[in-house]
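# Overview (structure and organization)
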Amino acid sequence: MNPGQWLEQHGGALYTYARARLSDAAMAEDLVQEALLAAWQSRHSFRGRSSERTWLISILKHKLMDHLRRRYRQAPETNFDPYDGVSPFDEQRFYIHSRAPQHWQDPHTQAELSEFRAALLECLQRLPERARLVFQMRELDGEKTEKICDRLELSATNFHTLMHRARSALRQCVGKRSGYE
């Protein structure tokens with residue numbers, strides 16, 4: 001099979017995968033092209049132990065990680081308020097329960113709701129890049145914490161801080177957009 005056939009058969013899935021992880025559509029397209037080129041160059045190493053699509057997405061995943069790692073290293077630290085100006089803590093730093101989302105008892109049911117999913121994807125794009133990257137690798141890609149820390153050269157403490165900030169910001173943002181606040 002040649003890259004044109006791969007693009008025709010798997011291009012949509014590859015682009016969707018890249019686009020879900022990048023806010024830049026042009027970069028997502030570029031990474032799909034890079035992945036197809038890399039696949040073509042290493043086509044003889046494909047053993048058929050997985051489907052072509054799985055193999056191509058794996059290559060794309062590596063290209064995406066390389067791209068994000070480069071951007072992660074170059075990105076300046078940003079000061080962001082994960083609570084969007086509304087802290088869930090009072091003056092003594094005690095958690096205020098009334099500000100917690102009230103309708104998240106069953107996350108699987110909530111995730112299936114298209115409104116919830118749209119709000120989540122929108123809110124993911126609003127996260128600072130480092131927090132979004134770590135969250136996506138852990139929660140969407142299911143990668144192990146140690147592997148993420150190794151790939152991004154993070155300490156475990158930094159990883160957990162980024163995950164906490166990402167989850168808190170997503171909880172607040174999704175709650176506001178979905179009316180679950």
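Definitions and limits used
Residues numbered from 1 in each chain as written. Predicted model: local features only at pLDDT ≥ 70, side-chain atom pairs only at ≥ 80, totals over all residues. Heavy atoms only, no water. Phe/Tyr/Trp six-rings, centres within 6.5 Å; stacked < 30°, edge-to-face > 60°. Helix = DSSP H or I, 4+ residues; strand = E, 2+ residues; numbered from the N terminus. Buried < 20%, exposed > 50% of the residue type's maximum accessible area, 1.4 Å probe, protein only. Lys NZ or Arg CZ within 6 Å of the ring centre and 35° of its normal. Core = buried A, V, L, I, M, F, W, Y, C linked by side-chain atoms within 4.5 Å. Contact = heavy atoms within 4.5 Å. Disulfide = S-S within 2.5 Å.

The next thing to look at is the packing of aromatic side chains. Aromatic ring pairs are reported here in terms of the distance separating the ring centres and the angle at which the planes meet. Counted by the stated rule, this structure contains 3 aromatic pairs. Each ring, one from Trp-6 and one from Trp-55, has its centre 5.7 Å from the other, and the planes form 75°; the classification is edge-to-face. Of the two residues, Trp-6 sits in helix H1 (residues 3-21) while Trp-55 sits in helix H3 (residues 52-74), which places them 49 residues apart along the sequence. By relative accessible area, Trp-55 is classed as buried at 13%. Here Arg-21 stacks its cationic end above the ring of Tyr-17, 3.8 Å away from the centre of that ring. For Arg-43, the ring lying beneath its charged end belongs to Trp-40, and the centroid distance is 3.8 Å.

This brings us to the nonpolar core. One finds Leu-56, Leu-60, Val-134, Leu-152, Leu-154 and Phe-159 to be the most contacted residues of the largest nonpolar core, which totals 41 residues. Of all the secondary structure elements, the ones that give two or more residues to this core are H1, helix H2 (25-41), H3, helix H5 (114-126), helix H6 (129-140), helix H7 (145-152) and helix H8 (156-178). Setting aside chain neighbours within four positions, we find Leu-60 in contact with Leu-14, Tyr-17, Ala-18, Leu-31, Val-32 and Ala-35.

Turning our attention to the state of the cysteines. For the coordinates displayed, the defined rule picks out 1 disulfide. Across the disulfide, Cys-123 is cross-linked to Cys-173 (sulfur-sulfur distance 2.1 Å). The chirality of the disulfide connecting Cys-123 with Cys-173 is left-handed, given an S-S dihedral of about -80°. Of this pair, Cys-123 sits in helix H5 while Cys-173 sits in helix H8, placing them 50 residues apart in sequence. On the basis of relative accessible area, Cys-123 is assigned to the buried category, the value being 2%.

Scope: geometric values only; no functional claims are made or implied.
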